[in-house]
Amino acid sequence: QVQLVESGGGLVQPGGSLRLSCAASGSIFSINTMAWYRQAPGKEREPAATITSGGSTYYANSVKGRFTIFRDNAKKTVSLQMNSLKPEDTAVYYCNADILAYGSGEYYRYWGQGTQVTVSS
């Protein structure tokens, strides 16, 4: 069994910072791309930041310059440092990872359960 567990969400004032973390565990042979998505109320889930196994990153325009994604391959974690938060960053944040599990012949995208981030004064 493979699972992703997120932590670090909460309530923060505009202009504040939060760090989200996501740890993968289970029968993992290899992890390829890892990412953070978010879903605001009434909106579709959208990618916020992505990082490849080689460390290349992608950011949505709305978070570029404010969010930083990084990973620790040895610990099988991906984190999202969020600075200068705005009310429009309020959403449920989900991590995902493309994982090749032992005994599996292909990569599969696993998702975390989501963590709420609320930016409000």
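Residues numbered from 1 in each chain as written. Predicted model: local features only at pLDDT ≥ 70, side-chain atom pairs only at ≥ 80, totals over all residues. Heavy atoms only, no water.

**Quick look at the pattern of salt bridges**
Under the defined criterion, the tally for this structure stands at 4 salt bridges. Here Glu46 makes a salt bridge to Arg38, at a shortest N to O gap of 3.3 Å. Overall, Glu46 belongs to the partly exposed group, its relative accessible area being 36%. Where Arg66 meets Asp89, a salt bridge forms, and the shortest distance between an N and an O atom there is 2.7 Å. On the criterion of sequence distance, the pair formed by Arg66 in the loop between β6 (57-59) and β7 (67-72) and Asp89 in the loop between β8 (77-82) and β9 (91-101) is long-range, its members being 23 residues apart. Grouping residues by exposure puts Arg66 and Asp89 together as buried. Several salt bridges converge on common partners, so that one network encompasses Arg38, Glu46, Arg66 and Asp89. (Salt bridge = Lys/Arg side-chain N within 4 Å of Asp/Glu carboxyl O. Buried < 20%, exposed > 50% of the residue type's maximum accessible area, 1.4 Å probe, protein only. Helix = DSSP H or I, 4+ residues; strand = E, 2+ residues; numbered from the N terminus.)

**A closer look at the sheet that holds β8**
The 4 strands lie next to each other as β1-β3-β8-β7, forming an open sheet whose pairing is antiparallel. Edge positions in the sheet fall to β1 (2-7) and β7, since each of these pairs with one other strand and no more. Sheet twist, expressed as the average angle between the axes of neighbouring strands with direction ignored, equals 15°. For β1 and strand β3 (residues 18-26), the ladder comprises 6 bridges, and the chain directions are antiparallel. Opposite Val5, over in β3, you have Ala23 as the bridge partner. (Pairing = 2+ DSSP bridges. Axes fitted to C-alpha atoms, helices over the stretch in contact; angles between N-to-C directions.)

**Structural notes on the environment of Glu106**
Looking at the secondary structure, you find Glu106 in the loop between β9 and β10 (108-111). Apart from the residues lying within four places of it in its own chain, the contact partners of Glu106 are Ile99 and Leu100. (Contact = heavy atoms within 4.5 Å.)

**What to know about the state of the cysteines**
Under the defined criterion, the tally for this structure stands at 1 disulfide. What pairs with Cys22 in a disulfide is Cys95, and their sulfur atoms sit 2.0 Å apart. The S-S bond linking Cys22 to Cys95 shows a torsion near 45°; that makes this disulfide right-handed. Of this pair, Cys22 sits in strand β3 while Cys95 sits in strand β9, and the two are 73 residues apart along the sequence. Like Cys22, the residue Cys95 is buried in the burial classification. (Disulfide = S-S within 2.5 Å.)

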